[in-house]
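Residues per chain are reported as follows:
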Amino acid sequence: RIEIVGTSIEINMERGLHMPRKAIKRENGAGSVYKRKDLKRRPWVASAPATTQRDDESKRYTTNQQIIGYYATAQEAKDALENYRRAPTTKLNITLEELHEEWEPIAYRSISKQTQDNYDACWVKLEPLYKTKVRDIRTAQMQTILDRYSNPRPGTDKKGNPVELPPMSHSTLSKIKALLTQLFDYALQNDIAIKNYAKFLVLPKQEKTKKDCFTDLELQKIRKAAGNIPFADVILMMCYTGFRISEFLELTPFSYDSALNALKGGKKTEAGKGRVVPVHPAIRPYLASWLAKNGKTIICTDDGAPYTADSFRRQCYYPALEAIGVRRLTPHATRHTFATRLSAAGARVEDIQALAGHEDYDMTANTYIHQDIDTLRAAIEKLS
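Quick caveat, the model's predicted, so the values are computed rather than measured. (Residues numbered from 1 in each chain as written. Predicted model: local features only at pLDDT ≥ 70, side-chain atom pairs only at ≥ 80, totals over all residues. Heavy atoms only, no water.)

Engineer: Pulling in residues and values, what's your account of the overall build of the protein chain?
Structural biologist: Scanning the protein chain for helices and strands turns up 14 helices and 13 strands. Sorting the 384 residues of the protein chain into buried and exposed places 39% on the buried side. If you sum the accessible surface of the protein chain, you get close to 23,100 Å²; carbon and sulfur atoms cover 50% of it. (Helix = DSSP H or I, 4+ residues; strand = E, 2+ residues; numbered from the N terminus. Buried < 20%, exposed > 50% of the residue type's maximum accessible area, 1.4 Å probe, protein only. Areas by Shrake-Rupley, 256 points an atom, 1.4 Å probe, with all protein chains shown as cover.)

Put into structure tokens, the structure is as follows:
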């Protein structure tokens, strides 16, 4: 038996005769599938079950039937109708832009300001999909956007001149995928999508980059510039504490324990949360100077406001390196400098791991060795 929408045809194998049978209708309230002759590419229409509303003034009833979508084959339309029947929603035709507007205030309640800024920057890259209905978005459409930013592309510089823009970093592309995954998770939770197609996105292979740190000569230049060139002292403090840039900028005056002469902070990993880092004598005067500003955070603007990691990099960190005359290494290089110099000074591996907040302890270091403040201070003071 061959079933065609609206008609069932039985084939008599012996005589080879086609005998039309009565059309099989869908039950009332089950929606419908039909073909439109004026549509060429996707002529099959899936329509949701009709809803009836009563107008209180006219006391008349009106019927509203929502289109689920247009499809190339009858089977695709049937599948779409069946999916809708399993998970009906009043937000059938919501666009990605509308979904984002609904998702953002909910999602931003529980994430950091830095993550919010990252999502905002990624959202701009998804503009080609703003007006697309979420239920129509598939992996291929999102992959096209990722692929575009994975390769060199035409663009303009700050002066508006045409230039070739370099591929985006693997980190940025990962954040775009993360945003899309979050949006589709929200769509799934609200029966707007039937599958999280963002999870199937493929990122370009990440090239391993060699991690670098400041040399002894460069560190000596930074040390001499501290107190003379703005923010050179901050770079020096980062080299002597090992905090990630976001962790360091979030330290508040309450993060400093004057009795222990140590900073307490960190957030990324379980091993890194709330770690204690004694303050080396070489940076105590600079730390005291910043604490005297009485800002919301230790490192703060002139009016006491915190810096974001991005604004600090652009406005403070890189200009300071240029003024000092050392290589333009990332802020994370200060963390590598910290660990490298501790190791060169003979500090124990487990002490370096505890001070840096690493999780890759071996069984002995992780289970049986507990560094007290005196042990950690001895390791810090090995930094000449």
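Engineer: Residue-level account of the layout of surface pockets, with values.
Structural biologist: A probe matching the size of a water molecule, rolled over the atoms, marks out where space remains unfilled. Put simply, the second largest pocket is a space of about 490 Å³. The wall of the second largest pocket is formed by 23 residues, among which Tyr71, Ala80, Arg135, Arg138 and Ile194 lie closest to the centre. Of all the secondary-structure elements, those providing two or more residues to the lining of the second largest pocket are strand 8 (67–71) and helix 1 (74–86). With four residues, helix 1 is the largest single contributor of residues to the lining of the second largest pocket. Partitioning the lining of the second largest pocket into residue classes produces 14 nonpolar, two polar and seven charged. (1 Å grid on protein atoms, 1.4 Å probe; cavity = no way out; pocket = protein on both sides within 12 Å on 5 of 7 lines; lining within 4 Å. Points joined across faces, edges and corners; volume = space filled by probe spheres on them. Nonpolar A, V, L, I, M, F, W, Y, C, P; charged D, E, K, R; others polar.)

Engineer: Please set out the nonpolar core residue by residue, giving values where relevant.
Structural biologist: Core analysis: the largest hydrophobic core is formed by 50 residues, its most contacted members being Phe214, Val234, Ile299 and Phe312. Elements with a contribution of two residues or more to this core: helix 6 (216–225), helix 7 (232–241), helix 8 (245–249), helix 9 (284–291), helix 10 (309–324), helix 11 (332–344), helix 12 (349–356) and helix 14 (373–380). In contact with valine 234, not counting residues within four places along its chain, are Phe248, Trp290, Ile299 and Phe312. Counting 32 residues, the second-largest nonpolar core is a separate cluster that includes Ile94, Leu99, Leu129 and Leu146. (Core = buried A, V, L, I, M, F, W, Y, C linked by side-chain atoms within 4.5 Å. Contact = heavy atoms within 4.5 Å.)

Engineer: Hey, could you go over the sheet that holds strand 13 (residues 275–278) for me, with residue numbers and the actual values?
Structural biologist: A sheet is described by the order of its strands in space; here three strands give the open sequence 11-12-13, paired in antiparallel fashion. Here the strands that pair on one side only, and so sit at the sheet edges, are strand 11 (256–257) and strand 13. Where strand 11 meets strand 12 (residues 262–265), two bridges bridge the pair, whose relative direction is antiparallel. If you follow aspartate 257 over to strand 12, its bridge partner there is alanine 262. (Pairing = 2+ DSSP bridges.)

Engineer: Any details on the state of the cysteines? Residues and values, ideally.
Structural biologist: According to the stated counting rule, one finds zero disulfides in the structure shown. Of all cysteine sulfurs, the one in cysteine 213 lies closest to cysteine 239, which takes part in no disulfide; the gap is 9.1 Å. Take cysteine 239: its relative accessible area is 1%, and that puts it in the buried class. (Disulfide = S-S within 2.5 Å.)

Engineer: How would you sum up the environment of aspartate 136? Please name residues and give values.
Structural biologist: Turning to its location among the elements, aspartate 136 is positioned in the loop between helix 3 (113–125) and helix 4 (139–150). A residue is classified by how much of its surface remains accessible, and aspartate 136, at 32% relative accessible area, is partly exposed.

Engineer: Explain helix 4 to me, and be specific about the residues and the numbers.
Structural biologist: An ideal rise of 1.5 Å per residue puts 16 Å on 12 residues; helix 4 measures up with 16 Å between its terminal C-alpha atoms. Where helix 4 is concerned, the buried positions are Thr139, Met142, Gln143, Ile145, Leu146, Tyr149 and Ser150. Mapping the buried residues of helix 4 onto a view down its axis gives an arc of 155°, with all of them on the same face. The exposed set on the far side of helix 4, more than 90 degrees from its buried face, consists of Ala140 and Thr144. In this structure, the buried side of helix 4 is in contact with helix 3, strand 9 (153–156) and helix 5 (170–189). (Expected span 1.5 Å × (residues − 1). Arc of directions from axis to C-beta.)

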